[in-house]
Amino acid sequence: MNYLTVPLHTSHKKKDFNCGKKLLDDYLHTQAKQDVKRKLAACFVLPDENNKIKGYFTLSSTSINRNFLTEAVLKKLPPAYYHLPATLLGRLAIDNSYKGQGLGELLLVEALRKSYEISQEIGSMAVIVDPIDDEAVKFYEKYGFIILKDSGKMFMAMWTIGELFG
Ligand SMILES: CC(C)(COP(=O)(O)OP(=O)(O)OC[C@H]1O[C@@H](n2cnc3c(N)ncnc32)[C@H](O)[C@@H]1OP(=O)(O)O)[C@@H](O)C(=O)NCCC(=O)NCCS
């Protein structure tokens, strides 16, 4: 199955993107390209026929301190692993003119599928998201992400994601 999102490219009209959250807009306008160049993040966009960006997300490698994980997850992991490898879905946003049409869900599913595929090549035991506010927490909770205590981040185990795509 092909992806609908493509890597951010200079032909994409990133300055026109407006999701209403300044941090996420500014990131795409001014920082994403540099982060991609420096290999700090991979940035995938959903362009329309005029290369206006309908939505975007970023993925990076990360690690989770085991102290943030729940007992139920820890039970499945060997105690020797203090920092656990994971994939960070750092940002996900949909342009205001395309909200409410299922694109947020579509991009989330693409990000999870990419993360699962990557985990078959390089170990990654979860996808971590960094919700920007309480609304974003509610969006991710709807799909089964759980809050990691004391971190502000949210978690979905790769074995759960594997049940969707495996
Ligand atoms: C959150 C966001 C990505 C959702 O995108 P969207 O395309 O409007 O969402 P969808 O149309 O795919 O909706 C999918 C589901 O999420 C729900 N949803 C959408 N926005 C939501 C929000 N802000 N809070 C809670 N749930 C939300 C929808 O009701 C829908 O559920 P339903 O099918 O049961 O009705 C988008 O509103 C956005 O870009 N917000 C600003 C940036 C942001 O908060 N990003 C999140 C992570 S940092």
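In this text the structure is predicted, and so the values were computed from the model without any measurement. (Residues numbered from 1 in each chain as written. Predicted model: local features only at pLDDT ≥ 70, side-chain atom pairs only at ≥ 80, totals over all residues.)

**Student:** When you look at the environment of K33 in this model, what are you seeing that I'm missing?
**Tutor:** Tracing the backbone shows K33 in helix 1 (residues 22-37). Judged by local crowding, K33 falls into the partly exposed class, with 16 C-beta atoms found within 10 Å. (Helix = DSSP H or I, 4+ residues; strand = E, 2+ residues; numbered from the N terminus. Buried ≥ 20, exposed ≤ 12 C-beta atoms within 10 Å, placed from the backbone.)

**Student:** Even after reading the chapter, I still don't get the environment of W159, so can you show me in this structure?
**Tutor:** Tracing the chain through its elements places W159 in helix 5 (residues 158-165). Under the C-beta neighbour-count criterion, W159 is labelled partly exposed, with 14 such atoms within 10 Å. Sequence separation between W159 and L92 is 67 residues; the distance between their C-alpha atoms is 22 Å.

**Student:** Which parts of the structure should I look at to understand helix 1?
**Tutor:** Each full turn of the α-helix corresponds to 3.6 residues, which orients residues three or four apart in the same direction. If you check helix 1, its first and last C-alpha atoms are 22 Å apart, about what 16 residues at 1.5 Å a residue would give, namely 22 Å. Taking the largest bend as the criterion, helix 1 deviates by roughly 60 degrees, centred on Q31. Every buried residue of helix 1 is listed here: L24, Y27, L28 and A32. Turning to helix 1, the residues buried within the fold contact strand 2 (42-47), strand 3 (53-65) and strand 4 (83-94). Among the residues trailing helix 1, K39 stands out with phi positive, at a value near 65 degrees. (Expected span 1.5 Å × (residues − 1). Bend = angle between axes of the 7 residues up to and from the residue. Contact = placed C-beta atoms within 7 Å.)

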